[in-house]
Structures are given as structure tokens and as C-alpha cells.
Amino acid sequence: MKSLEELARIREQAKQNLQLRESRDGIKIVVGMGTCGIAAGARETMNAILDELIKRNLSQVIVTQTGCVGLCEQEPIIDVTLPDQPKVTYGKVSPDKARQIIANHVVNGNIIGEWVIRSDKQ
Amino acid sequence: MAFYRAHVLVCGGTPCELGGCRAVKDTLLEEVNRLGLSSEIRVLETGCLGPCDQGPVIIVYPEGIMYARLQPGDVKEIVEQHLLKGRVVNRLVYHEKKEEAKSVVTFESSDYFGLQERIVLRNCGRINPESIEEYIAHDGYRALGKCLTEMEPAAVVQVVKDSGLRGRGGAGFPTGLKWSFTAKTDSNQKYIVCNADEGEPGTFKDRLILEGDPHSIIEGMAIAGYAVGANKGYIYIRGEYKLSIERLQHAIRQARELGLLGTNIFGSDFAFDIEVRSGAGAYVCGEETALIESIEGSRGEPRYKPPFPGVSGIWGKPTVVNNVETLANIAPIILNGAAWFRGFGTEKCPGTKVFTMTGDINNEGLIEVPMGITLRQIVYGVGGGIPGGLGFKMAQTGGTSGGCLPKEFLDLPMDYDTLAEAGSALGSGALLIMDDSHCIVDIVRCFMKFFKHESCGKCTPCREGTTRLYELVTKITEGKATNEDIALLTELSRVMQTSALCGLGQAAPNPLVTCLKYFEEEFGAHLNGYCPTGVCTMPVANVKVG
Amino acid sequence: MPAEKYSSTPNSGLLSDIDDIIRKHQNRDGALIDVLHDVQALYGYLPEQAMKRIAEGLSLPLSKVYGVATFYSLFTLEPKGQYVIRLCESAPCHIRGAVQVLSAIEEELKIKPGETTPDSKFTLEFTSCLGVCGVAPAIMINDQVYGNLTPEKVKEILRSL
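For every chain, the first residue of the written sequence is number 1, and numbering continues from 1 along that sequence. Lettering for chains starts from A, numbering for ligands starts from 1, and both go in the order in which the items are written. Only residues with pLDDT of at least 70 are given local features in this predicted model, and only at 80 or more are side-chain atom pairs given and counted; all residues enter the totals for whole chains, interfaces and linings.

**Focus on the overall build of chain C**
- Working definition: helices are DSSP H or I runs of at least four residues, strands are E runs of at least two. Numbering for both runs from the N terminus. When helices and strands are tallied, chain C shows eight helices and four strands.
- Reading chain C from its N end, one meets helices and strands in the order α-α-α-α-α-β-α-α-β-β-β-α.
- The exposure label follows from counting other C-beta atoms within 10 Å of a residue's C-beta, where the C-beta atoms are placed from the backbone and the thresholds are 20 or more for buried and 12 or fewer for exposed, leaving partly exposed in between. Residues classed as buried in chain C amount to 37% of the 161 residues present.
- For the purpose of contact definition, each residue receives a C-beta atom placed from its backbone, and two residues are in contact when these atoms lie within 7 Å. Taking the intrachain contacts of chain C between residues at least 6 apart in sequence as the baseline, contacts between residues at least 24 apart amount to 60%.

What follows is the structure in C-alpha cells.
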């Protein structure tokens, strides 16, 4: 260890790996993983999301899953929450749609209106 | 770079290991693999999370849901329900043992953790103790870097002095002052020793820090080394703590690889290295001069003082001996400043204290709370009260060498000075809670047996005294003692407190003296051949009814 | 660890193992305790010949080696059973039922503390606090600690060994 700068570099790198446990206010994606969701292909959607995040090096995004919310016909359902913005819920999210949601909504902040099934008021 | 959507932390502290956390972790890995989740879910072992009686414990992040008392058979359900489908398995969630228990408890939100202030245990249960990177991610080694690149050694000593930090091993001696004695000596060789010979019955805080956050000790020692001008450190760990020894050795290797130990640390001309030494089963080695004898490879018998180790320690060289918990406080104090540290606790005892709660209490385990918190807050707040609806009889503070306090003292603030006034001690932070089904004389006999066994035999007051105390107390439990025996016990206690060579002999009578004072009636009953709780076997002829 | 390993007295071949241990530690000051740990791990106890060899190898008087070996409770000069049971008798374990656990062990093995079973399988001893009070009462069998014990549970553990 030669300098504070070197330590800071290691710290930044290590922090990335810990984002998941530390971050309470980052970008969150929640995938519906009830039996209905899985039956509708949520596993594939989840895999696509993870794959896309890795490709784009978006380690600060938190991905969790949730159970059935009752809108079974809309599955797979995902929620996307950006910091300081209301939660947006998308329905019938195929792997391909999931990738587009990450590109447009998560990265660029543009909500893809036609796929939205619910949006919380702020 | 690997990206994981969930991290599962498995508590790998010793108590959880006893509960079978290895099997839980193995099953977890199997199940995660079986469902093809291994690329998205990271399973890792961490240090003790605290509620030891609830082990094995795991935490699932990002939600921070804590599961307790897991059996390998429960794991499948957690993986299938929670990790795959996101449904929290309520049946297995950590429950606080209180009347109005909440059902779902996250790591941060429970009362058990809510009343706590974690400085020393900042990383325990949050990081992987075998990863130096995770320690660094939590500002690890930044304090050492700050000292070496921006501060003069004297300024480091001054910050620690200003913080008011007092030694957490038991005696409560101001740490900054201790450092300044050694800093002032003129010697070509000085040493830093971390006292990790945790032997006080009921104490296991140091083990948790050693197992859960080993790098915080290494960093604290290196800072101490820079402050006083020492380039060599020893960590003396009791031989029974196998996992602690392994974790520290591993951490030292990592620190050497990154150049955080060795020469020219942070480009300065400061060099520091650390060696682990292990004890071999002797309580007295927790006494600093006995510990030094043991590091030198001798019988762990205390030395006469003065000279104190700060001037003449290992091989006659100036040596700072600090407790594990004390050292874990150093880096945060350097980073945040003395004023920040004084924001916690009381004026004379700033900061927090780690307590280990044992005996008749719902939440057995370990907590970190601000100094000055009352016994009642600990027992009935964080501790969750006494099981089985029984009453509080007494708490012994500071381990077996501390005093016993009856319920009249429940509102006493817990710090070094107020407890000393009450005839007890804060000591190592061990808290033994006893409900009213236990006999006070029987438990005193247990304390006395301990000292009789652990006296090293070097000085007469302790060698003879501990044996006689045990014999006399045994006589009381057998219903054969008289008032003269009580007078003899009192006299012998006074002799030991004033004339024993080291803290062991001086403190051995503490529990007896306090119990004689606060539980006079119960001792009196035994003299009359009657044990109120029915624990002691009394000669039948003497039994009085009720 | 196999029992036969413990009952053997060191022959010349094994004494060379002691020399290896000494060589590993000898450039460190005050290494005696670490050497004793390693040698005891080899034989299960500290035989007289081994202590003599250590004294020679480290250039210490035999009295010093003997003094240290008898001071610390983890060292033993006698061969012990294959499984050494150390029962914690400190206060936190005491009030959580260590006495009942002791009776259960005595009943199961028919030995008292300090004794070894005739088949050299078990030795029963007391120990001070093991530092696992959160799961009191506790015992240590060789290197393994067991907690939350009841008379039934401890008998089960002993029978499984």
C-alpha cells in the first residue's frame, strides 16, 4: 500500500460488490416471482435483466423478487423504481421487453408508457 | 464482474457453528445450485450477528430479512419461497422473545438492534471477515492511512486522549494516557500487544470481534504502533478460540499482501508487523504482566508492578497492552474525531460498551449500547426480560470477578465509575442475569470454585485465600457454618483485596462481598440450616419449615 | 483422531518429528508454548522424552519446559482417552443446568471428573468458561464445542462417538 489514493481505488472497487447490502436508495427492480409469474416466464425475464445489468456494468441496481400481486394475467410483472421517483409497474414483460426497459427507463429515465400497467402518484 | 441480486449471509460465529451453521450453509449452496440460482445469489459466511441463542442465523439481502434457529431441513423452503419467489418464510423469521413480538423483523429494525449503537461491532455480521476488500469498502485502513500521511504520532495520541476512550478489558484505564507513557520512553524497540485472552466467565465479546472483524484489530494495532513508536505487535489469543486464531492469521496474511503490514506502509517510513501467539488455558494470562510472561514462553505468572508494561514489558521493552474491544474503537475515533466519540455515552465514560448477556434472559447474546445505559434498559429492553415469568434476583456485572447487584440497582447507569461505587465493576461487560429460583449461596460457591482453580499460586493471599473462601462457602451450602465463618470470610476478603499481587486475587472476593451485603438474609437462613430456594442440600435435622 | 496414535511412546523416528517442530519455531523468541502445542497435537500428550528433546532443542533447562507444561490446563503429561470431554463449570453454564449435564455424563460413562474410561475412549475434565455462554451449558470434546445441552442431548452425543 503506497498511498491513500491506492486505498481509495480498492475501496471503490470493493464497494461496488457490496452495493446490494448497503444501498437503501438506489435503483430497484422487483420481479414478480409467484407461481403464476414463473409459469408465465418470469425466470427468463429475471435472467435477461441480470444479464443486461452485467453487460452494462450497472452494479448499483438492486434486483429483488416478490410474490403474486393478483394481476396474474399481466405476468411477468416487474416494478422499476428510480431514486426520488414513483414506482412504475410493467406487465407482460418478456425477456426482450425487459432489456428495452433497462435501456430506456433504467439507463435513460424514459418510461415506456405503452407497457405500463400502473404508476404510483408522487 | 459477477453480479448478484441477493446475498445470503450465514452467521459463522462459534455458537452458530455449534448449532450447525456449516450444515445450513452447505444445504443452502446445494439448493441454490439445484435451482440454478448460483450465478445470481451469493452465499457467504460472516461473523457473529449477536443473538447467539437463536443460531444458526442467516440474513437475506437486499431485504435484510433475518432467519433464526435454522435446521438444514428448513433451507429448501427458504430457497424455494424467498430466494426464488420472493416470499418471506414467516415461520422461520427471527422473532424477538417479547410478549408483543413483531412477526417480520429485518436486521436493522428489530428492538434488539434498535436500542444499540454499533461502533465496535460496526462490521460484525455485515462483512465477510475473510475478505480484506469488504473491510476496506467500509472505510477500512483509511484511519491508518490518515495517520501515516497526515498526522504526527503525538497528534494521534492526543486524539485518543481527547476522545476519553478507556480500556475495555475491565480496568477502564484511559487508553490515550497509556499510549503516552510508552510514547515518551526512549527505546529502540517497543511492542503493541492485543490482549485477546478472553477468559472472564460469561464474556465472549472479543471472540465475536476477532471472528467477525479481524482487520479492525490489525488496523487499531498498527495505529497504536505508529503513535507510540513500535514496529512489532503480538495478538495473544486464548488457545480455546480456534476460529479466532485462524481468522486473525488469515487477515494478517491479507494485510501483508496489500502492504498494510510490512515496511513503508502508505509510502511512509513506518514499518509494522504482527504475530499471533496462543495461550494454553490459564485465566490469569488475561492479566497484562502474566500475558507478557506467556508471550515470552514462560509460566503465566504476574509480575510485580511497578515497573508497568508501558515502560518495561516484553523482554523488558516498553509495551502497550490493549484489549480487543479497545483497539476496535481506534479507527473510528481517528476518522471521526474525538468530539464525535464523546457524543456517545457519558462524560467520564464516552463511547459504547459491548455487553454479553447470559443466564436467565430471553435474548442471550451480545449487544453494543452507549455507556451509561441502565441495567433495566438492558435486561427488560434489549434483553427481552426474564423467561418463564420469574422475577429478577440479581445481575452480576463484569464477569465472575465482578459484584452482584440486587433489583434495587436496576436503574443504575452502567459505567466504570458508578458500578465501582456500588461495589461491582463494569469489567469486561459480562452480564449474568439470575432469576429468583436460584440460590445465592450456591452460585457464590460456583464463583469461588472458579478462582480456586484459576489462582496461579504465585502469591500467598490468593493461593491460600481462594481455597479457603471456597471451603468456607461450601460449608455454608452444607448448613454447617456459623456466624464466625461469616466473620472469617469478611476478614479474609479484606486481606485478599488489599494484599494479593494481581487483579485475580484482589477481585476474587468481589462477588462474595457484594452478596454478603445485599443478600444477608439468605446467608442467614443457610446458617440456620434452611435454603430458601431448596437448591442446597441441608442436614435434614435442621430443616425449618418455611 | 485414532486412539492408537495416543498410546504410543515416541520412538527415534517420532523424535525427529519433534526436531522438525522445533526447527519450525526456533527463530522466534519465546516459542516454547507453540512448540508444546504442536508436540501435544502429535502424541495427544507430552511424554517425558519429548519434553527432554524440546529442552535440548530450544536450549532451555528441562525444569522450565516441565514448569510451563504443568502450568497451562490445555497441556497434559498423561495419555488421555481418545475423546477428552471438557465440561464448563463457570457460572453461566452452572445456572443453565451444567450440574445435570455432568450427572448425565457420569452416569453414561461411569467415570468421575479427572478419570478415563477403562477402554481409554473417554476422559472427563472440568474447564473454565469456553466463551460460548450464549448457548450454555456447553462442553468441548477434543476441538469441537457443543452447546444448548440437556442430559438427553449429551448422552446422545456420547453414544454417537
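**Some thoughts on helix α21 (residues 510-518) of chain B**
- Burial analysis of α21(B) places eight of its nine residues in the buried class, the great majority of the element.
- Those residues of α21(B) that sit buried are B:N510, B:P511, B:L512, B:V513, B:T514, B:C515, B:L516 and B:Y518.

**Here we look at the sheet that holds strand β4 (residues 144-146) of chain C**
Residue and element names in this part refer to chain C.
- Any two strands between which DSSP finds at least two bridges are classified as paired. Read across the open sheet, the four strands follow the order β2-β1-β3-β4; overall the sheet is mixed. One side of each edge strand has no neighbouring strand; the edge strands of this open sheet are β2 (122-127) and β4. Pairwise comparison of adjacent strand axes, ignoring direction, gives a mean angle of 25° for this sheet.
- Taken together, the three bridges between strand β3 (residues 139-141) and β4 define a ladder with antiparallel strand orientation. Counterpart to I139 in the pairing with β4 is Y146.
- Across the face of the sheet, helix α7 (residues 98-109) comes into contact with β1 (83-88) and β2 while running at roughly 155° to β1. Only the stretch in contact is used when fitting a helix axis, every axis being a line fitted to C-alpha atoms; angles between N-to-C directions are given from 0 to 180 degrees.

**Topic: the interface of chain C and chain B**
- On the chain B side, the residues contacting the 31 residues of chain C number 45 residues.
- Every element with two or more residues in the side of chain C that touches chain B is listed here: α3 (32-43), α5 (62-71), α6 (91-94) and β4 of chain C.
- Under this grouping Gly is polar, as are all residues other than the nonpolar Ala, Val, Leu, Ile, Met, Phe, Trp, Tyr, Cys and Pro and the charged Asp, Glu, Lys and Arg. For the side of chain C that touches chain B, a count of residues per class yields 19 nonpolar, ten polar and two charged.

**Points about the interface of chain A and chain B**
- Contacts between chain A and chain B engage 25 residues on the former and 28 residues on the latter.
- Counting residues per element, the ones that place at least two in the side of chain A that touches chain B are α1 (4-22), α3 (42-55) and β2 (62-66) of chain A.
- A total of nine residues in the side of chain A that touches chain B trace back to one element, the largest contributor, which is α1(A).
- Here the side of chain A that touches chain B is composed, by residue class, of 13 nonpolar, eight polar and four charged.

**Things to note about the domain arrangement of chain C**
- Each domain's limits were defined by an automated method or a database of domain assignments. Split by domain assignment, chain C resolves into domain 1 (3-71) and domain 2 (83-160).
- Here the C-alpha centroids of domain 1 of chain C and domain 2 of chain C sit 28 Å apart.

**A few points about unusual backbone geometry**
- Each neighbour pair has its own omega, and for B:K305 with B:P306 the value is -5°, a cis peptide bond.
- For B:P306, the position within the fold is in the loop between α12 (288-295) and β8 (319-323).
- Each neighbour pair has its own omega, and for B:P306 with B:P307 the value is 0°, a cis peptide bond.
- One can find B:P307 in the loop between α12 and β8.
- Positive phi values are uncommon outside glycine, yet A:D84 reaches one of about 60°.
- Looking at the secondary structure, you find A:D84 in the loop between β3 (78-81) and β4 (88-90).
- Non-glycine residue A:K92 carries a positive phi angle of around 50°.
- Topologically, A:K92 is positioned in the loop between β4 and α4 (95-107).

**Overview of the sheet that holds β8(B)**
Residues and elements named next belong to chain B.
- If you trace the four strands from one edge of the open sheet to the other, you get β7-β6-β5-β8, paired in parallel fashion. In this open sheet, the two strands that pair with only one neighbour each are β7 (273-278) and β8. Sheet twist, expressed as the average angle between the axes of neighbouring strands with direction ignored, equals 20°.
- Two elements, strand β5 (residues 191-196) and β8, share five bridges in a ladder whose sense is parallel.

**A word on the environment of B:L248**
Residues and elements named next belong to chain B.
- Tracing the backbone through its elements, the reader meets L248 in helix α11 (residues 242-257).
- Spatially, the C-alpha atoms of L248 and F181 are 28 Å apart, while their sequence positions differ by 67 residues.
- Contacts of L248, omitting those with residues within four sequence positions, involve L210, P214, I235, I237 and V276.

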